[in-house]
Amino acid sequence: MNRIAANTAFVLTLTAAAVLTPHDTHPATGPVTAGHGWKLQTPNITHIDTQPWTIAFHDTTSRTKLTPYVKHTAAELSTHLGVKVTVSTRIVPTTVGKCPPSHTIAVRWISKPNPAHPNRSFAGACSLRGAAYSGYAYINSDYWAPGRRFHEYQRQNVIWHETAHTVGVTHPATCPKDKTGRKPLMCDVDTYTSTGTRRYSSFEQTAFKQLRTNRTHAAVNK
Ligand SMILES: [Zn+2]
C-alpha cells in the first residue's frame, strides 16, 4: 500500500480492542516500528516529516468544546514529535474515509460517531510515502452527557488516545507498566481507567520519538 507513492493511503483505526492490525516484520536495518508497549501504524506510517502541523475543527461546536483539551495535546506532540503542532481556529469539515488537508488534524465533537458502537470514539490517519500526512479524530460527545458519569480525565485520555492515532501510533501488542506504574494510553482499557495527568505515558513518548527517528530510513528508501 505504501508503494503507491503518489497516493495518500488511508488508515482507519477504531478505539476497540477487537481491531486486529497485521503484524509487520522489518529487516534489521529498517525503521523500528514497534517496541515494549508501543506500536506504529505500519506499513502505512513509519515516520513523521519536519513540517509543522495544525489542529483544526469540524465545526464551531467542536472548536468550543475541544480547544481546551487539544491545546494540551498539541503541546505534548510538539515536545515529543519534535515538530511544531499548533491549535488553530480553522474550520475543516471532516468526512470519514477522506483525508484532511496536509499536516492537519481535524477534530470533531459528535454524539455516537459510530452508531454501531455508540460508546466509542475513533480516529483515522492518512499517510504519504510512509509519513504521517493528516488525520481526524471523532470524539464522542456522549462522554460529556449528564448521567454518563464520565470523569474529566477519561475525556482527556480519549482525546489523547485518538490524537495519537492521527499521527500514526496504534495499539501496542502488550500493555505493560512503566517505571511510574503507568500503562500505555494506547491500550484501550487503560484509556478509560487511567487517572490521567494530561500527559502521554512514556510508551507513547517513545513511539513519537521513533516516528521522528525513522525519518533517516525514509530518506534512504526513496
Ligand atoms: Zn485506539
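Coordinates for the structure precede this section.
Residues numbered from 1 in each chain as written. Predicted model: local features only at pLDDT ≥ 70, side-chain atom pairs only at ≥ 80, totals over all residues. Heavy atoms only, no water.

*Asks:* For this particular structure, what's the right way to read the overall build of the protein?
*Replies:* Looking only at helices and strands, one finds five helices and nine strands in the protein. The secondary structure elements of the protein, listed N-terminal to C-terminal, are β-β-β-β-α-β-β-β-β-α-β-α-α-α. Evaluated residue by residue, the protein yields a buried proportion of 50% over its 222 residues. When contacts within the protein are restricted to residue pairs at least 6 apart in sequence, long-range pairs at least 24 apart make up 73% of them. Carbon and sulfur atoms make up 55% of the accessible area of the protein, which amounts to about 10400 Å² in all. (Helix = DSSP H or I, 4+ residues; strand = E, 2+ residues; numbered from the N terminus. Buried < 20%, exposed > 50% of the residue type's maximum accessible area, 1.4 Å probe, protein only. Contact = heavy atoms within 4.5 Å. Areas by Shrake-Rupley, 256 points an atom, 1.4 Å probe, with all protein chains shown as cover.)

*Asks:* Explanation requested: the coordination of the zinc ion in the structure shown.
*Replies:* For a metal with four tetrahedral donors the ideal donor-metal-donor angle is 109.5 degrees, whereas six octahedral donors ideally subtend 90 or 180 degrees. Protein coordination at the zinc ion: the donors are His-161 (NE2), His-165 (NE2) and His-171 (NE2), at 2.0 to 2.1 Å from the metal. Written as a sequence motif, the donor residues of the zinc ion are H-x3-H-x5-H. Taken individually, His-165 and His-171 each receive the classification buried, so the pair is uniform in this respect. (Donors = N, O, S within 2.8 Å, 3.2 Å for Na, K, Ca; no water.)

*Asks:* Can you walk me through the packing of aromatic side chains in this structure?
*Replies:* For any two aromatic rings, the description comes down to two numbers: the centre-to-centre distance and the angle of the planes. Taken as a whole and assessed by the stated rule, the structure comprises seven aromatic pairs. An angle of 85 degrees between the planes, with centres 5.6 Å apart, marks the rings of Tyr-69 and Trp-144 as edge-to-face. Of the two residues, Tyr-69 is situated in helix H1 (residues 60–81) and Trp-144 in the loop between strand E8 (131–140) and helix H2 (152–166); the sequence distance between them amounts to 75 residues. For Tyr-69, a relative accessible area of 8% corresponds to the buried category. Following the ring pairs from residue to residue traces out a cluster consisting of Tyr-69, Trp-109 and Trp-144. (Phe/Tyr/Trp six-rings, centres within 6.5 Å; stacked < 30°, edge-to-face > 60°.)

*Asks:* Mind showing me how you'd approach the state of the cysteines here?
*Replies:* As used in these notes, a disulfide is a covalent bond between sulfur atoms, one from each of two cysteines. In total, this model carries two disulfides according to the counting rule given. Note on cysteine connectivity: Cys-175 is disulfide-linked to Cys-187, with sulfurs 2.0 Å apart. In this structure, the disulfide formed by Cys-175 and Cys-187 twists by about -105 degrees around the S-S bond and is classed as left-handed. Taken together, the positions of Cys-175 in the loop between strand E9 (169–170) and helix H3 (188–193) and Cys-187 in the loop between E9 and H3 put the pair 12 residues apart, joining distant regions of the chain. Residue class for Cys-175 comes out partly exposed when judged on its relative accessible area of 35%. (Disulfide = S-S within 2.5 Å.)

*Asks:* Explain the pattern of salt bridges to me, please; I cannot follow it from the model alone.
*Replies:* With the rule as written, the count across this model stands at four salt bridges. Here Arg-199 ties to Glu-76 by a salt bridge, and the two come within 3.0 Å at their closest N and O atoms. Of the two residues, Arg-199 is situated in the loop between H3 and helix H4 (202–213) and Glu-76 in helix H1; the sequence distance between them amounts to 123 residues. Two residues, Asp-142 and Lys-112, come together in a salt bridge whose shortest N-O distance is 2.6 Å. Of this pair, Asp-142 sits in the loop between E8 and H2 while Lys-112 sits in the loop between strand E6 (104–110) and strand E7 (122–128), and the two are 30 residues apart along the sequence. With a relative accessible area of 8%, Asp-142 lands in the buried category. Residue Lys-112 is classed as partly exposed on the basis of its relative accessible area of 40%. Put simply, Lys-112, Asp-142 and Arg-148 are held in one network by salt bridges that share partners. (Salt bridge = Lys/Arg side-chain N within 4 Å of Asp/Glu carboxyl O.)

*Asks:* Would you explain the sheet that holds strand E2 (residues 34–35) in this entry?
*Replies:* Through backbone hydrogen bonds, the strands of a sheet pair up, either in parallel or in antiparallel fashion. A sheet is described by the order of its strands in space; here three strands give the open sequence E2-E3-E9, paired in antiparallel fashion. This sheet does not close on itself; its edge strands, each paired only once, are E2 and E9. When E2 meets strand E3 (residues 38–40), the two strands line up antiparallel, connected through two bridges. Residue pairing for E3: Ala-34 is matched across the bridge by Lys-39. Strand contacts of H4: E3 and E9, with the helix running at about 30 degrees to E3, the strand carrying the most contacts. (Pairing = 2+ DSSP bridges. Axes fitted to C-alpha atoms, helices over the stretch in contact; angles between N-to-C directions.)

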